[in-house]
Amino acid sequence: KRARSLNPLNTDHTANLARLCRTWAGVTSDPQLRQQKLSEADSYYAEATRLSPYNAVLVNEWGRTLIDRGLAEQGLAKYQQSLALDDRFAQTYLLLGDYYLGRQELEKALPYYQKAAEVDPRSAQAHSTLAYVYSQLQRVPEAIAANLKVLELYPRDYATHKNLAILYGQAGQVEQALRMATVAREVAPEADRKALDEFIAQLKAA
């Protein structure tokens, strides 16, 4: 607040106050305080975006705050506003995908995740979430392809190897499933190894 009083036209100070309040809301166990801090964050984001009206990052953060407040439609409108400001910003597509995924509207979420992966092909998050949506839609070949994109970026990622093992198994490609499950077993946390051992045994039997 002191920094903002010294330089009220510097967007960063107001934006940081908004982020502080949003983070505060996320860690408190008091529902009333949570709503109070989200409301304060909402006000700070409104001011910050008046100072920097073309800042897509701030508009996205404001949208997430509104959704956290239970104002889903207003939050969605902010994401659409951000998209109009910058249609090459992958984060906005991810947030839009998350919005519809949270509502279990997979067909609406899918094109946003596809666009995120197109705009930022090095985003593991985009490819990973895209793979999840494909798998939920029973589009197994596309889910496998998206997960393989994640492995290009993170060759030892445990969750991706495990997901691929399951997907290859669903596709009837047992040898590939066994190969992925074996690698997953090598990098798995201790708590997951027993289940993977059982899965590998099933694949070997097949």
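Residues numbered from 1 in each chain as written. Predicted model: local features only at pLDDT ≥ 70, side-chain atom pairs only at ≥ 80, totals over all residues. Heavy atoms only, no water.

### Remarks on the overall build of the chain
Line of reasoning, step 1. Regarding its fold elements, the chain presents 12 helices and 0 strands.
Line of reasoning, step 2. If you list the helices and strands of the chain from N to C, you get α-α-α-α-α-α-α-α-α-α-α-α.
Line of reasoning, step 3. Taking 17 Å as the expected radius of gyration for a compact globule of 206 residues, we find that the chain reaches 21 Å, considerably beyond that expectation.
Line of reasoning, step 4. Principal-axis analysis of the C-alpha atoms gives the chain an extent of 70 × 35 × 25 Å. (Helix = DSSP H or I, 4+ residues; strand = E, 2+ residues; numbered from the N terminus. Rg over C-alpha atoms; globule rule 2.2 N^0.38 Å.)

### Observations concerning the layout of surface pockets
Line of reasoning, step 1. Estimates place the volume of the largest pocket at around 190 Å³.
Line of reasoning, step 2. Of all the secondary-structure elements, those providing two or more residues to the lining of the largest pocket are α8 (124-136) and α10 (158-170).
Line of reasoning, step 3. Top contributing element to the lining of the largest pocket by residue count: α8, with 5 residues.
Line of reasoning, step 4. Classifying every residue of the lining of the largest pocket gives 4 nonpolar, 7 polar and no charged. (1 Å grid on protein atoms, 1.4 Å probe; cavity = no way out; pocket = protein on both sides within 12 Å on 5 of 7 lines; lining within 4 Å. Points joined across faces, edges and corners; volume = space filled by probe spheres on them. Nonpolar A, V, L, I, M, F, W, Y, C, P; charged D, E, K, R; others polar.)

### Describing helix α2 (residues 11-27)
Line of reasoning, step 1. The first and last C-alpha atoms of α2 sit 25 Å apart over 17 residues, in line with the 24 Å expected at 1.5 Å per residue.
Line of reasoning, step 2. The set of residues buried in α2 consists of Thr-11, Thr-14, Ala-15, Leu-17, Ala-18, Cys-21, Arg-22 and Ala-25. Projected down its long axis, α2 shows its buried positions confined to an angular sector of 155°, all on one face. Residues of α2 that are exposed and point over 90 degrees away from its buried face: Thr-23 and Val-27. (Expected span 1.5 Å × (residues − 1). Buried < 20%, exposed > 50% of the residue type's maximum accessible area, 1.4 Å probe, protein only. Arc of directions from axis to C-beta.)

### Brief notes about the pattern of salt bridges
Line of reasoning, step 1. If you walk through the whole model with that rule in mind, you get 11 salt bridges.
Line of reasoning, step 2. Residues Lys-37 and Glu-40 are paired through a salt bridge, measuring 3.3 Å at the closest nitrogen-oxygen approach. Remark: Glu-40 and Lys-37 occur in helix α3 (residues 31-51); sequence separation between them is 3 residues, near one turn of the helix.
Line of reasoning, step 3. Linked through salt bridges whose partners overlap, the residues forming this network are Arg-103, Glu-105 and Lys-108. (Salt bridge = Lys/Arg side-chain N within 4 Å of Asp/Glu carboxyl O.)

### Examining the environment of Pro-111
Line of reasoning, step 1. Along the chain, Pro-111 falls in helix α7 (residues 106-119).
Line of reasoning, step 2. A relative accessible area of 41% means that Pro-111 is categorised as partly exposed.
Line of reasoning, step 3. As a C-alpha pair, Pro-111 and Leu-96 span 15 residues in sequence and 9.6 Å in three-dimensional space.

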